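The chain contents come next:
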Amino acid sequence: MASGRDCHDAGVGGLAPGIDEFSPLFMPPVADDDSWWPSHIDSTDLPVFLGAEWKHVLLGDDTGGGHLWTVVSAGPCLKSAFPRHWGAALIGEAAALALRQHALQRGVLPAELPTEDFSHLVVVAGRRLVITVSLDHDPSGRCIITTYPLRGQGVEKWINGILSEVPLRPDET
Amino acid sequence: MTTDTLATTLLNDLATQPGVDVSDARTHIEYGEPGVAIIRMLSQSITNASLTIPAAHMDAIRAWGQTCRRNVYRTTADRALRHAGYPGLNPA
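Note that the structure is a prediction, hence the values are computed from the model and not measured. Every chain's residues receive numbers from 1 upward, in the order its sequence appears when written. Each chain takes a letter, starting from A, and each ligand takes a number, starting from 1, following the order in which they are written. For this predicted model, a pLDDT threshold of at least 70 governs which residues receive local features, and a threshold of 80 or more governs which side-chain atom pairs are given and counted, while totals over whole chains, interfaces and linings are taken from all residues. Hydrogen atoms and water are omitted, and side-chain values are computed over all heavy atoms in the structure.

1. Observations concerning the overall build of chain B
Inference 1: Here a helix means four or more residues in a row that DSSP labels H or I, a strand means two or more in a row labelled E, and each is numbered from the N terminus. A tally of regular secondary structure across chain B gives five helices and zero strands.
Inference 2: Starting at the N terminus, the α and β elements of chain B follow one another as α-α-α-α-α.
Inference 3: Radius of gyration here is computed from C-alpha atoms only, and the compact-globule reference equals 2.2 Å multiplied by the residue count raised to the power 0.38. For a compact globule of 92 residues, the expected C-alpha radius of gyration is about 12 Å, and chain B comes in at 12 Å, within 12% of that figure.
Inference 4: Each residue gets one of three labels from its accessible area relative to the maximum for its type: buried under 20%, exposed over 50%, partly exposed in between, using a 1.4 Å probe on protein chains only. Per-residue burial for chain B yields a buried fraction of 53% across its 92 residues.
Inference 5: Throughout, a residue-residue contact means that at least one pair of heavy atoms, one from each residue, lies within 4.5 Å. Look at the contacts in chain B between residues 6 or more apart in sequence, and 56% of them connect residues 24 or more apart.

Printed below as a string of structure tokens:
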């Protein structure tokens with residue numbers, strides 16, 4: 001299998017004055033071991049989403065991740081990108097929706113979901129996309145270890161050297 | 001060995017083993033999440049008796065786990081190594 005060029009370090013900079021949670025430049029202002037959810041989401045029923053995992057999802061690290069459009073668009077790689085102008089707020093909203101849909105299907109609370117990976121179609125900010133959420137356990141409890149987009153409106157991936165939208169399947173439109 | 005390389009190496013080996021489903025791991029790799037692919041394959045090696053991590057990869061798994069800063073990754077690598085009868089990771 002071909003391995004994409006490493007673009008983990010194509011960061012988008014840190015927190016700057018005047019940047020709100022909806023900005024793609026926003027980084028959750030928490031330590032690696034502290035949980036954070038966007039302020040417009042009631043997170044009382046959700047698993048923890050640690051600062052280290054937010055960095056992973058948004059910017060990437062030595063195990064992968066980095067699904068901000070700005071990071072992925074820096075050069076050909078295997079990563080998929082959330083829609084171009086999305087930041088932590090909308091990515092968190094998509095993850096929360098997927099968690100709640102999946103928990104409902106399984107008849108448990110989102111914070112009670114087991115270690116697993118699942119994908120759901122969500123509609124966020126008027127866009128329909130399928131995202132994957134991966135859950136695991138660490139000493140802080142159930143935690144999100146990553147979330148990334150698979151396909152949908154605004155989801156892009158490098159295909160044959162061109163950053164291209166990955167369309168939904170016919171039954172998902 | 002990079003995370004990408006280790007994930008692909010494990011995937012290629014495990015894909016040939018009967019009773020082993022690597023489809024999720026393959027998707028993780030193809031979407032830029034090789035670390036998740038690795039820990040899912042390592043977790044399978046603990047829970048699925050059909051899956052055996054080749055002994056030749058144990059040193060690479062230990063070296064990879066040792067470099068991981070994320071706790072879940074370190075814990076999973078440590079458990080998989082010990083489950084297979086090898087020394088685990090050094091304490092962080």
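2. Quick notes on the sheet that holds strand β3 (residues 127-138) of chain A
Inference 1: The strand order β2-β3-β4 (chain A) describes an open sheet built from three strands, whose pairing is antiparallel. Looking along the sheet, the strands with just one partner apiece sit at the ends: β2 (116-124) and β4 (141-152) of chain A. In this sheet, neighbouring strand axes are inclined to one another by 30° on average, regardless of whether the strands run parallel or antiparallel.
Inference 2: Think of it this way: DSSP has to see at least two bridges between two strands before they count as a pair. Sheet topology note: the β3(A)/β4(A) ladder contains 10 bridges and is antiparallel. For A:D136, the partnering residue across the bridge sits in β4(A) and is A:C143.
Inference 3: Sheet strands in contact with helix α2 (residues 23-30) of chain B are β2, β3 and β4 of chain A, and its direction is about 70° off that of β4(A).
Inference 4: Axis geometry follows a simple rule: fit a line to the C-alpha atoms, using only the stretch in contact for helices, then measure angles between N-to-C directions, giving values from 0 to 180 degrees. Contacting β3 and β4 of chain A, helix α5 (residues 71-83) of chain B runs over the sheet at an angle of about 55° to β3(A).

3. A look at the packing of helix α1 (residues 3-14) of chain B against α2(B)
Helices that pack against each other are described as a pair by the angle of their axes relative to one another and the distance between those axes.
Residues and elements named next belong to chain B.
Inference 1: Orientation of α1 relative to α2, taken along the N-to-C sense of each, is 155°, at an axis distance of 10 Å. One finds that α1 runs roughly antiparallel with respect to α2. For the pair α1 and α2, the crossing hand works out as left-handed. Along the contact surface, α1 presents A7, T8 and L11, while α2 presents A25, R26 and I29.
Inference 2: Asp, Glu, Lys and Arg are counted as charged, while Ala, Val, Leu, Ile, Met, Phe, Trp, Tyr, Cys and Pro are counted as nonpolar; the rest, among them Gly, fall into the polar class. By residue class, the composition of the contact of α1 with α2 is four nonpolar, one polar and one charged. By definition in this entry, angles of less than 35 degrees are roughly parallel, angles greater than 145 are roughly antiparallel, angles of 65 to 115 are roughly perpendicular, and the rest are oblique. Note on convention: the crossing is left-handed when the near helix lies turned anticlockwise from the far helix by less than a right angle, right-handed when the turn is clockwise.

Everything listed here is a matter of coordinates, which is why it stays silent on function.
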